[in-house]
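Listed below are the residues making up each chain.
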Amino acid sequence: MNKKGQALVEFIIILPVFIFMLLAMIDIGKILYFNNKIESKMDDVITMYENKYQYEVIKKSISKDLQTTTFKMNENEKYIEFILEKKVDIITPGLNLIFDNPYKINVKRVIYND
């Protein structure tokens, strides 16, 4: 028996699985990274709003740090709703069966309107 041939066949069988797992870890890490970053930025947005910053100043601060993030602020009599949304592209083939491509990260906070 040829041991080198057997090792080559095993390597060829395992390689696509290994590459898929590596790319999936990169994609999931990217999603978690941006989710954490947007959560942190939402805390800054709430603080800026409570310190009476204008809407345009808040929006400019967001676009400076997170270029492709959309910001919405919905106001009614009792509550103010802040929404940050970012789309993250999935690079792993087949992972879009689990996650939508692009994956949308939504962070929403509701505060009482004084």
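Residues numbered from 1 in each chain as written. Predicted model: local features only at pLDDT ≥ 70, side-chain atom pairs only at ≥ 80, totals over all residues. Heavy atoms only, no water.

Caption draft 1: Here's a closer look at the side chain of Thr 92. Along the chain, Thr 92 turns up in the loop between β2 (79-88) and β3 (103-112). By relative accessible area, Thr 92 is classed as buried at 3%. Excluding anything up to four places from it in sequence, Thr 92 contacts Phe 20, Leu 23, Ala 24 and Asp 27. (Helix = DSSP H or I, 4+ residues; strand = E, 2+ residues; numbered from the N terminus. Buried < 20%, exposed > 50% of the residue type's maximum accessible area, 1.4 Å probe, protein only. Contact = heavy atoms within 4.5 Å.)

Caption draft 2: Inspection of the layout of surface pockets at higher detail. Each pocket or cavity is described by its volume, and for the largest pocket that value is around 170 Å³. Residue composition of the lining of the largest pocket, by class: four nonpolar, one polar and three charged. (1 Å grid on protein atoms, 1.4 Å probe; cavity = no way out; pocket = protein on both sides within 12 Å on 5 of 7 lines; lining within 4 Å. Points joined across faces, edges and corners; volume = space filled by probe spheres on them. Nonpolar A, V, L, I, M, F, W, Y, C, P; charged D, E, K, R; others polar.)

Caption draft 3: Broad picture of the packing of aromatic side chains. Per the stated rule, a full pass over the model turns up six aromatic pairs. Taking 5.2 Å as the distance between ring centres and 65 degrees as the angle between the ring planes, the aromatic pair formed by Tyr 33 and Phe 34 counts as edge-to-face. Look at Tyr 33 and you get partly exposed, because its relative accessible area is 47%. Ring centres of Tyr 49 and Phe 82 lie 5.2 Å apart, and the angle between their planes is 70 degrees; on these two criteria the pair is classed as edge-to-face. One end of the pair, Tyr 49, is in helix α1 (residues 3-50); the other, Phe 82, is in strand β2, and 33 residues separate them in sequence. Three or more aromatic residues link up through ring pairs in this structure, and these residues are Tyr 49, Tyr 55, Phe 71 and Phe 82. (Phe/Tyr/Trp six-rings, centres within 6.5 Å; stacked < 30°, edge-to-face > 60°.)

Caption draft 4: The nonpolar core, seen in detail. Residues Met 42, Val 45, Phe 71 and Phe 82 are the most contacted members of the largest nonpolar core, which totals 21 residues. A total of eight residues in this core trace back to one element, the largest contributor, which is α1. For Phe 71, the residues in contact, after removing those within four places along its chain, are Val 45, Tyr 55, Ile 58, Lys 59, Ile 62, Phe 82, Ile 83 and Leu 84. (Core = buried A, V, L, I, M, F, W, Y, C linked by side-chain atoms within 4.5 Å.)

Caption draft 5: Region of interest: the pairing of strand β1 (residues 70-75). As paired elements, β1 and β2 share six bridges and run antiparallel to each other. What sits directly across from Phe 71, in β2, is Leu 84. (Pairing = 2+ DSSP bridges.)

Caption draft 6: Local environment of the sheet that holds β1. Reading across from one edge, β1-β2-β3 is the order of the three strands in this open sheet, with antiparallel pairing throughout. Both edges of this open sheet fall to β1 and β3, since each of them pairs with a single strand only. Going from strand to strand, the sheet's axes swing by 15 degrees on average, the running direction of each strand aside. Direction of pairing for β2 relative to β3: antiparallel, over a ladder of ten bridges. (Axes fitted to C-alpha atoms, helices over the stretch in contact; angles between N-to-C directions.)

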